[in-house]
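# Working through the structure, step by step
The residues making up each chain are set out below.
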Amino acid sequence: MFSLSNSAFLIIFLLSSLLFYKNFRKIIRNIKLGGDAGVFENKRERWRNVLFIAFGQKKMFKKPLVAILHLVVYLGFVIINIEIIEIILDGILGTHRILFSPKWSSLYNFCINSFEILALLVFVACIIFLIRRNIIKISRFWSPEMKGWPKSDANLILIFEILLMSAFLIMNAADLSLQKLAHTESYLQLKYPNTGNFLISGMISSLMQGISISNLILIERFCWWFHIIGIFGFLNYLVISKHLHIILAFPNTYFGSIKPKGQFNNMSSVTNEVKMMLDPNIDPFTEPVSTSQPVRFGAKDVTDLNWLHLLNAYSCTECGRCTAECPANVTGKKLSPRKIMMDVRDRVEEVGRGIDLKGKDFKDEKSLLHDFIKPEELWACTSCNACVEACPLSIDPLSIILELRRYSVMEESSAPTELNAVFSNIENNGAPWQFSASDRLNWKDDE
Amino acid sequence: MGLVVQTMAEWKNANTDPEILFWVGSAGSFDDRAKKITRSFVKIMNHANVKFGVLGTEESASGDVAKRAGNEFLFQMQAMNNIQILNSYNIQRIVTTCPHDFNTLKNEYKDLGGEYDVLHHTEFIYELITKKRLSILGNLKNKKITYHDPCYLGRGNGVFSIPRKLIDIIGLQLIEMPRSKETSFCCGAGGAQMFKEPEKGREDININRTREALNAKTSIIATGCPFCNTMMQDGVKNLAEGSVDVLDIAELIVQSEKL
């Protein structure tokens with residue numbers, strides 16, 4: 001029973017699963033390089049968000065046409081992959097269509113037919129996506145940050161999907177041709193039981209007339225192996241790709257903010273210090289020093305961000321809806337919320353590689369702020385939340401921008417000069433302008 | 001006709017509590033354009049016999065600008081001082097004409113010991129109307145108007161429909177811009193941008209937004225934020241001076257009701 005091909009399959013299966021496990025754990029470790037992200041109360045609403053935003057793709061439907069295409073690919077991916085159970089069982093046990101039995105042949109036939117229809121739809125959707133990206137040139141796919149790897153990554157994913165769907169359909173087509181030949185060549189009957197016709201591969205099968213039995217077997221086997229190795233390959237490709245969103249979208253929407261978008265988080269580390277400054281009864285020298293004191297205020301590097309920021313970065317699929325809505329970007333400023341997310345991921349992966357090589361105390365000369373994100377980008381933000389609203393999977397680029405600003409202001413004192421003047425006005429006069437606090441009620445007697 | 005304005009200190013001396021605190025805000029207190037909005041809102045409250053107090057010289061910047069610029073120290077200093085004063089007067093309800101202060105007081109003072117029921121002035125005016133304390137004759141009927149959603153009122157806090165209901169109650173014909181409500185386009189002033197030169201780019205954000213508002217071909221651009229108001233006004237000055245009025249919803253009501 002156990003042949004060379006079973007062993008080969010088992011080895012490939014185990015190795016690719018192991019490799020994925022190892023790399024995925026590295027991603028989790030990288031995400032955990034971020035600090036505490038607070039508590040996540042209101043589980044009910046969070047599960048609702050997972051249901052509607054991640055599973056239901058509610059936010060995608062702001063662009064209905066693309067949403068439908070995306071839904072097709074998503075459903076196709078999830079549903080067709082049920083077939084993988086059979087493929088893996090066949091691979092390990094050396095069987096052929098192990099889940100097929102004449103007893104439930106109509107159910108089996110129904111399932112495969114559903115997979116095939118979806119496979120064709122996925123195929124078409126991916127072709128349309130390729131056209132949108134490369135021929136129609138939708139502008140958000142052609143921003144400066146989309147040159148090089150991000151562009152190839154997007155195309156590779158689509159080509160991958162097209163090839164996998166083709167292999168699946170051609171495999172079934174060759175199988176059907178062999179089933180037909182089994183009527184006359186009885187030795188094929190045991191191996192290729194009659195599953196009934198399949199809708200899509202049935203059509204391809206009719207084009208296969210005249211191909212010899214040995215070539216049909218070759219086509220069927222080649223496509224089978226290509227399809228399953230492709231899936232194992234794709235799984236391992238995820239960890240270096242923006243396509244990781246197919247996994248991380250779910251936790252990301254669960255942990256995404258459920259507060260009003262206008263609300264920025266409170267820095268409790270600052271609260272303690274301000275309280276001490278304002279309370280005349282506290283002697284700062286006798287007060288016990290809090291051990292949870294952060295090393296720095298705000299974020300200079302990815303390790304100063306919290307783990308949710310880093311999860312956000314790994315969840316980003318670079319669709320650019322944020323950037324397309326960003327008022328700063330739309331009017332030609334350097335800021336692009338998508339680039340912020342890409343920079344955070346690039347940097348945390350760089351730090352992660354450093355840790356792999358040199359251990360967990362790895363430090364280098366670089367930092368997220370300055371080496372990846374420039375002050376010019378940071379200070380172009382109007383904090384309008386358009387990017388947060390636009391994200392289909394609850395990523396919050398604004399909160400990262402805020403942390404970088406906090407570092408710039410409170411640690412580097414490098415705010416734009418006009419803002420430093422505003423700060424001293426607020427401090428001295430209680431208003432951003434240079435008006436005397438005693439004139440605050442003068443509006444009453446104007447006109 | 002002069003305005004009737006009492007400070008919280010005066011209310012306290014009279015041993016009574018007003019219904020509501022009117023948080024005027026720095027822009028509403030000092031900016032010439034915003035002061036007109038402040039006065040308009042007070043006219044409405046006077047007309048509806050609302051007992052309100054202001055903090056007057058005891059009020060200080062809410063800290064919104066400092067917080068969004070990343071100066072958390074300064075924000076918390078401002079917040080804690082303001083909270084101390086608000087709590088000393090036992091304030092429960094606050095109304096403000098500034099969406100930035102609205103957001104900060106409503107959402108960001110909580111963690112520092114200041115919990116209040118905070119309303120934007122459009123919400124409060126709508127409440128006055130629904131409680132029949134303010135009746136609307138609608139002398140501006142049938143004029144065309146477009147409404148610019150302030151980020152911190154709309155996207156930031158989900159207040160989209162009430163300003164539109166008010167526009168409808170006055171009898172104005174609302175023409176929506178292509179980018180409105182959740183997908184509204186910022187005026188360019190938020191996140192401390194009001195107080196600095198914009199970064200280099202193709203155009204200023206307020207020009208982009210004003211162009212969209214002008215394309216709605218209305219005689220009025222309405223908004224609910226003193227900063228949006230300034231930005232849109234500057235945009236109109238640049239693109240089509242004098243062709244359209246930029247007004248706050250409170251000013252619209254004053255015009256409509258000839259207050």
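You'll find the structure just up there.
Residues numbered from 1 in each chain as written. Chains lettered and ligands numbered in written order. Predicted model: local features only at pLDDT ≥ 70, side-chain atom pairs only at ≥ 80, totals over all residues. Heavy atoms only, no water.

## Some thoughts on the interface of chain A and chain B
Filter applied, for reference: Whether two residues touch is decided by their heavy atoms; if any such pair falls within 4.5 Å, the residues are in contact. Once two parts are joined, some of their accessible surface, as seen by a 1.4 Å probe, is lost; buried area is that loss totalled over both. Counted as salt bridges are all cases of a side-chain nitrogen of Lys or Arg within 4 Å of a carboxyl oxygen of Asp or Glu. Distance and chemistry together define a polar contact, namely a pair of N or O atoms within 3.5 Å, with one atom able to donate a hydrogen and the other to accept it when in protein, and with adjacent residues in sequence counting only for side-chain atoms on both sides. Here a helix means four or more residues in a row that DSSP labels H or I, a strand means two or more in a row labelled E, and each is numbered from the N terminus. Only Asp, Glu, Lys and Arg are considered charged, only Ala, Val, Leu, Ile, Met, Phe, Trp, Tyr, Cys and Pro nonpolar, and every remaining residue, Gly among them, polar.
Each partner contributes to the interface: chain A provides 62 residues, whereas chain B provides 72 residues. Of the roughly 5,700 Å² buried between chain A and chain B, counting both surfaces, carbon and sulfur atoms make up 65%. When the area that chain A buries against chain B is broken down by residue, the three leading residues are Trp433(A), Arg440(A) and Trp443(A), summing to 15%. The partner of Arg406(A) in a salt bridge is Glu72(B), with the nearest N and O atoms 3.2 Å apart. At the boundary of chain A and chain B, one finds 32 residue pairs in polar contact (both at pLDDT 80 or more). Contributions of two or more residues to the side of chain A that touches chain B are made by α10 (268-278), α13 (327-330), α17 (386-390), α18 (397-410) and α19 (417-429) of chain A. Of all the elements, α10(A) adds the most residues to the side of chain A that touches chain B, at seven residues. The residue makeup of the side of chain A that touches chain B, split by class, is 31 nonpolar, 14 polar and 17 charged.

## Describing the packing of helix α3 (residues 32-47) of chain B against helix α7 (residues 121-130) of chain B
Residues and elements named next belong to chain B. Selection criterion: Convention adopted: a line fitted to C-alpha atoms gives each axis, helices being fitted over their contacting stretch, and angles between N-to-C directions are expressed from 0 to 180 degrees. Each angle gets one of four labels, with under 35 degrees taken as roughly parallel, over 145 as roughly antiparallel, 65 to 115 as roughly perpendicular, and the rest as oblique. The hand of a helix crossing depends on one turn: near helix anticlockwise from the far one by less than a right angle means left-handed, and clockwise means right-handed.
Two elements in contact, α3 and α7, have axes separated by 11 Å at closest approach and are oriented at 20 degrees. In terms of axis orientation, α3 runs roughly parallel to α7. Here the hand of the crossing between α3 and α7 comes out left-handed. Facing α3, whose interface residues are Phe 41, Ile 44 and Met 45, α7 presents His 121, Phe 124 and Ile 125. Across the contact of α3 with α7, the residue classes tally to five nonpolar, one polar and no charged.

## Things to note about α10(A)
In an α-helix, one turn spans 3.6 residues, which is why side chains three or four residues apart end up on the same side. The condition is simple: Remark: exposure states derive from per-residue accessible area (1.4 Å probe, protein chains only) relative to the maximum for the residue type, with buried under 20%, exposed over 50%, and partly exposed in between.
Listed in full, the buried residues belonging to α10(A) are Ser269(A), Val270(A), Thr271(A) and Val274(A). The inward-facing, buried residues of α10(A) abut α18 of chain A together with α5 (72-88) of chain B.

## Some remarks on α18(A)
Residues and elements named next belong to chain A. Note the cut-off: Given a helix with a known number of residues, its expected span is that number minus one, times 1.5 Å.
In this model, α18 (14 residues) spans 20 Å end to end at C-alpha, consistent with the 20 Å of a helix rising 1.5 Å per residue. Among the 14 residues that make up α18, 13 are buried, leaving the element largely enclosed by the rest of the structure. Its side-chain oxygen at 3.2 Å from the backbone nitrogen of Leu 398, Asp 396 defines the N-terminal cap of α18.

All quantities given are derived from atomic positions and should not be read as evidence of function.
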